[in-house]
Amino acid sequence: MAIWVGVDDTDSRKGGCTTYVAAVLLRRLGNVGVEVMGYPRLIRLNPNCPYKTRGNAAVALKLDTSDLDLVKRLTIKVVEEYSELDEGAETGIILLRGEPPQKLREFYWKAVREIVPIEEAFVIAEDIGAEVVYYGDGKGLVGALAAIGADLSPGKTYELIAHRAREYWGMVRRVDPASIYEMDEATREYTFDNVDYETGDIKITPHTPCPVLLGVRGIDPGVLKKAFEMLRIGEPVEYVTIFETNQATDVHYQRCRIRDLRDCLNAIVEGTVSEAPRREIGGHVFFRINDGEGELTCAAYEPTKSFRDIIMQLTPGDEVTVYGAVKLKPQGLTLNLEKIQVRKLARKVFSRPPLCPDCGKRMKSLGSGKGYKCRKCGKRVGKEAVDVVEVPRELQIGFYEVTPAARRHLVKPLDLSL
Ligand SMILES: [Zn+2]
């Protein structure tokens, strides 16, 4: 029988990293003959969660052993060595014998889509007979449970994470940017988010003082290894670990009617543009949609870059499906756009006086509903003679997404096929 161990909330704003704890733990376990079955897991939870640290990531390992006490002892040791417990990390550890029960799968779906109170974690842990170890209030237990329960059947991706030798933590990362572009070029069909070509940002190296040197995301573990070998790295690498993950799988979204939206949900909402987009100070763009029962403000903030130019082309009457994070703002619930599907374009028209049927001059309006009169020859026509001009739409039907630098971990890039 296998043993699962899940760990979450080991980092603080100052540093630390749950993936590092996993990397150390799986090697220490290997040293005493306990092997990981399959890939270690890196699981992202609801990115809207107000108490998240940085990435809101939890880890879980499935181990080929029945010695729960050994796993527990080693996990506690690694957590106490590497968790930022003095800096406020409220690490949670979960140990479970056998396969995760259905209840735990449901718990994962709730944790990735909504906010789970810590009390629920204690209740379910007891319910499924899991062992619990925690520090502080044990906030990390939610993620530790969810990482074990994670249902990756709707799709999964992989991330190769290289960790730095301790003496380099906090220093500038030495990875040759040119080699990152070359790697992206060579592996692009199987990797994603290496580089943001619009902003010029390198996406594989973080900017935090954490132990992660780099992370390459992709859909094929074999290609990730090759991609890593292409990188020219100017510092020692301590560990290279490939995780399976729920990143880039859109699992955080729920289809909702506007009246059912709440703060912190990640929603997919269908509606009709009811208020034209406007660009505000700071470059943020806002518009409103209506689904027949309610109205919702949608926002494309400045970091979404050229995505805003697409949004600015929307016009009232366009039928759209919006994807994003719902936040409670002073103006009411606002959906921060991550993707949009333009399903149907409204006709964009304007009206003007017709040409005179006798002399061809543009006529003059006699006032609302009173028809038109020719200034040159005096001819009169009724209001039905109005000249309706169709404005060509530049916007095309289809899907659009924010620039990679503004994309959150769980959002699936449009050109990624899993
Ligand atoms: Zn005329």
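Not measured: the values here are computed from a predicted model. (Residues numbered from 1 in each chain as written. Predicted model: local features only at pLDDT ≥ 70, side-chain atom pairs only at ≥ 80, totals over all residues. Heavy atoms only, no water.)

Asker: Quick rundown of the overall build of the protein chain? Include the residues and the values.
Answerer: A tally of helices and strands in the protein chain yields eight helices and 21 strands. Expressed as lengths along the three principal axes of its C-alpha atoms, the size of the protein chain is roughly 100 × 50 × 35 Å. Across the 418 residues of the protein chain, 51% fall into the buried class. For the protein chain, the proportion of contacts with a sequence separation of at least 24, taken over those separated by at least 6, is 71%. Carbon together with sulfur atoms contributes 49% to the accessible area of the protein chain, which is approximately 19100 Å² in total. Looking at the protein chain, you have 60 positive and 60 negative side-chain charges, and the mean spots of the two groups are 10 Å apart. (Helix = DSSP H or I, 4+ residues; strand = E, 2+ residues; numbered from the N terminus. Buried < 20%, exposed > 50% of the residue type's maximum accessible area, 1.4 Å probe, protein only. Contact = heavy atoms within 4.5 Å. Areas by Shrake-Rupley, 256 points an atom, 1.4 Å probe, with all protein chains shown as cover. Lys, Arg positive; Asp, Glu negative; His and termini not counted. Charge placed at Lys NZ, Arg CZ, Asp CG, Glu CD.)

Asker: Can you tell me about helix 4 (residues 118–127), naming the residues and giving the values?
Answerer: In an α-helix, one turn spans 3.6 residues, which is why side chains three or four residues apart end up on the same side. Within helix 4, the full set of buried residues consists of Ala121, Ile124 and Ala125. One face of helix 4 carries all of its buried residues, which in axial projection span an arc of 105°. For helix 4, the exposed residues set more than 90 degrees away from the buried face come down to Glu119, Val123 and Glu126. Where the residues of helix 4 are buried, they touch strand 4 (92–97), helix 3 (102–113), strand 5 (131–134) and helix 5 (141–149). Gly129, located one to two residues past helix 4, shows a positive phi value of around 75°. (Arc of directions from axis to C-beta.)

Asker: Give a detailed account of the sheet that holds strand 18 (residues 372–373), specifying residues and quantitative values.
Answerer: Spatial ordering of the open sheet is given by 17-18-19, a layout of three strands whose pairing is antiparallel. Of all the strands in the sheet, the pair left with one neighbour each is strand 17 (364–365) and strand 19 (380–381). When strand 17 meets strand 18, the two strands line up antiparallel, connected through two bridges. Paired with Lys364 across the two strands is Lys373, which belongs to strand 18. (Pairing = 2+ DSSP bridges.)

Asker: Describe the environment of Val175, naming the residues involved and giving the relevant values.
Answerer: Within the secondary structure, Val175 is located in the loop between strand 6 (157–164) and helix 6 (177–187). Residue classification places Val175 among the buried residues on the basis of a relative accessible area of 10%. Remark: the alpha-carbon pair of Val175 and Glu235, spanning 60 residues in sequence, is separated by 8.1 Å. Those residues in contact with Val175, other than ones at most four positions away along the chain, are Ile180, Thr205, Leu213, Leu214, Arg232 and Ile233.

Asker: Got a sec to walk through the pattern of salt bridges? Specific residues and values, please.
Answerer: Summed over the entire model, instances satisfying the criterion amount to 35 salt bridges. Linking Arg188 and Glu185 is a salt bridge whose minimum nitrogen-to-oxygen distance equals 3.3 Å. On the basis of relative accessibility, which here comes to 43%, the residue Arg188 falls in the partly exposed class. Residue Asp250 pairs with Lys339 through a salt bridge whose shortest N-O separation is 2.7 Å. (Salt bridge = Lys/Arg side-chain N within 4 Å of Asp/Glu carboxyl O.)

Asker: For the coordination of the zinc ion, give the residues involved together with the corresponding values.
Answerer: Bound to the zinc ion on the protein side are Cys356 (SG), Cys359 (SG), Cys374 (SG) and Cys377 (SG), at distances that span 2.2 to 2.4 Å. Mapping the donors of the zinc ion onto the primary sequence yields the spacing C-x2-C-x14-C-x2-C. Of the two residues, Cys356 is situated in the loop between strand 16 (348–352) and strand 17 and Cys374 in the loop between strand 18 and strand 19; the sequence distance between them amounts to 18 residues. Comparing Cys356 with Cys374 shows no difference in burial state: the two are buried. (Donors = N, O, S within 2.8 Å, 3.2 Å for Na, K, Ca; no water.)

Asker: Outline the layout of surface pockets, listing residues and values.
Answerer: In this structure, the second largest pocket spans a volume of roughly 420 Å³. Lining of the second largest pocket is provided by 20 residues; of these, Arg188, Asp193, Pro404, Arg407 and Asp415 occupy positions nearest its centre. Of the residues contributing to the lining of the second largest pocket, the split by class is seven nonpolar, four polar and nine charged. When residues of the lining of the second largest pocket are assigned to domains, at least three map to each of domain 2 (157–245) and domain 3 (254–345 + 394–406). (1 Å grid on protein atoms, 1.4 Å probe; cavity = no way out; pocket = protein on both sides within 12 Å on 5 of 7 lines; lining within 4 Å. Points joined across faces, edges and corners; volume = space filled by probe spheres on them. Nonpolar A, V, L, I, M, F, W, Y, C, P; charged D, E, K, R; others polar. Domains from an automatic or database assignment.)

Asker: Talk me through the nonpolar core; I want residue IDs and the actual numbers.
Answerer: Generally speaking, nonpolar side chains in soluble globular proteins are found buried as a group. Core analysis: the biggest nonpolar cluster contains 35 residues, and Val5, Leu25, Leu29, Leu61, Leu63, Val71 and Ile93 have the highest contact counts within it. Of all the secondary structure elements, the ones that give two or more residues to this core are strand 1 (3–8), helix 1 (18–31), strand 3 (57–63), helix 2 (68–82), strand 4 and strand 9 (237–245). Looking at which element gives the most residues to this core, the answer is helix 1, with eight residues. When we break this core down by domain, the ones giving at least three residues each are domain 1 (3–149) and domain 2 (157–245). Among residues more than four places away in sequence, those in contact with Leu61 are Ile3, Trp4, Val5, Leu25, Leu26, Leu29 and Pro40. (Core = buried A, V, L, I, M, F, W, Y, C linked by side-chain atoms within 4.5 Å.)

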